[in-house]
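Structural overview
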Amino acid sequence: NRQHTCSKVCYLSLTKNVLSARTAFAQAQQCVRKDYGHGSVVCVCNATYCDFAAELSDDQLTGKNLAHYVSSKSGHRLLSMTMEFSSSTLDGDTVFTVNQDVKYQTMLGFGGATTDAATINLASLSNDAHELVLRSYFGTDGIGYTFIRVPLGGCDFSTHYYAYDDDHPGDSTLQYFNLTEEDYVYKIPNIKRAQELSPNPIRVFTAPWSAPDWMKEIESSGASHLLPEYYETYANYYVKFLQLYAEQGVDFWGLTPQNEPSHGTTNGGFNSMGWTSEQLRDWTAGYFVPALKAAGLDDIVLMILDDQRTQVKEWAQD
């Protein structure tokens, strides 16, 4: 949001000598290099080092330049420099053109997912290393993640299949619905710690991979669909998940009714369920949205196909 001196079209030229306080930080905490034989190195995050993106000071960002962060195959990790605005270029300059008259979509932010795989691996680290990893993503000196996607139940990054009411087929009142160890031990604590570390609000949203198997028609190919007689039950199942997370201090900004809905229409396997666009539309409008409203959760942002952008236009038309 900083102002600069050129109007409409301007250029950025990379300066070679203007480095930030990040340089001193990088020298104090050297990258632990590891080479996997693919022509580059990775920096191992441990109890004393992770990749941080230190913010440049007001003295370094004068209004005529911007921050530029460099990572490279040779081992640079978020090395910060400044790029200066100019109305002209010189031979040999690396040039980025900025035209203020051309505007594209608004970005709400960036983030990652608290899958079982991610959070189980975080739990395997020492406390200091665990904290540094979360800081590198969400902390004031991190890269500024502001979104967390939470799987509703098991997913394809889980160690085993599970949903939240597996063992009592026909439990239409969801008397036996319960969260699991994956939620209480792994997902929820990491979400809450990320929220504590972040200087900005974290938008948390969720997506289910599958209803419990007893709610589904499962074909010989493994493809599966929610049985119509359980449409209302499954809407309430989703709402109970949102409510139990709220009781643990995690409120959801948004949700999507199904992760990869088209995948489960052709093949199943590990934690999947299929919908056509018409089926998902009818269930969402006829059962899910009314259940959200009845529970006072109708302010949650509703999305479709958040993970399959190429199909959004087709599905929206349906």
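What counts as what
- Residues numbered from 1 in each chain as written.
- Predicted model: local features only at pLDDT ≥ 70, side-chain atom pairs only at ≥ 80, totals over all residues.
- Heavy atoms only, no water.
- UniProt positions renumbered as here; feature names shortened; annotations may be inferred.
- Pairing = 2+ DSSP bridges.
- Helix = DSSP H or I, 4+ residues; strand = E, 2+ residues; numbered from the N terminus.
- Contact = heavy atoms within 4.5 Å.
- Axes fitted to C-alpha atoms, helices over the stretch in contact; angles between N-to-C directions.
- Buried < 20%, exposed > 50% of the residue type's maximum accessible area, 1.4 Å probe, protein only.
- Arc of directions from axis to C-beta.
- Expected span 1.5 Å × (residues − 1).
- Phe/Tyr/Trp six-rings, centres within 6.5 Å; stacked < 30°, edge-to-face > 60°.

If you check an unreviewed UniProt entry, the protein chain appears there as Glucosylceramidase from Timema podura. If you open the UniProt record of the protein chain and go to Sequence similarities (unreviewed entry), you find "Belongs to the glycosyl hydrolase 30 family."

Topic: the sheet that holds strand β9 (residues 203–208)
Pairing is parallel in the open sheet, where five strands are placed in the order β7-β8-β9-β12-β13. Both edges of this open sheet fall to β7 (111–113) and β13 (301–302), since each of them pairs with a single strand only. Pairing of strand β12 (residues 254–255) with β13, which is carried by two bridges, proceeds in the parallel orientation. Each residue of the ladder has a partner; that of Leu-255, found in β13, is Leu-302. Its contacts with the sheet put helix α5 (residues 231–247) on β8 (147–152), β9 and β12, and the angle it makes with β9 is roughly 150°.

As for the side chain of Ser-224
Locating Ser-224 in the fold gives a position in strand β11 (residues 224–226). Not counting residues within four places of it along the chain, the set of residues in contact with Ser-224 comprises Lys-216, Glu-217, Ile-218, Gly-264, Ser-272, Met-273 and Gly-274.

Examining helix α2 (residues 116–123)
Taken residue by residue, α2 has Asp-116, Thr-119 and Leu-122 as its buried positions. Axial view of α2: buried residues confined to an arc of 135°, hence all on one face. Turning to α2, the residues buried within the fold contact α3 (127–138) and α4 (181–197).

Some thoughts on α5
Every α-helix carries 3.6 residues per turn, so stepping three or four residues along brings you back to the same face. Under the 1.5 Å per step criterion, the end-to-end length of α5 is 25 Å for 17 residues, consistent within 8% with the ideal 24 Å. All of the buried residues along α5 are Tyr-231, Thr-233, Tyr-234, Ala-235, Tyr-237, Tyr-238, Val-239, Phe-241, Leu-242 and Tyr-245. Lining the buried residues of α5 we find β8, α4, β9, β11, β12 and α7 (277–294). Just beyond α5, the residue with positive phi is Gly-249, at close to 90°.

Quick look at the packing of aromatic side chains
Within the structure shown, the criterion is met by 22 aromatic pairs. For the ring pair Phe-138 and Tyr-145, a centre distance of 5.9 Å and an interplane angle of 80° mean the geometry is edge-to-face. This pair shows no difference in class: Phe-138 is buried, exactly as Tyr-145 is. On the basis of an interplanar angle of 20° and a centroid distance of 5.7 Å, the ring pair of Tyr-164 and Phe-241 is categorised as stacked. Linking Tyr-164 in the loop between β8 and α4 with Phe-241 in helix α5, this pair joins segments that are 77 residues apart in sequence.

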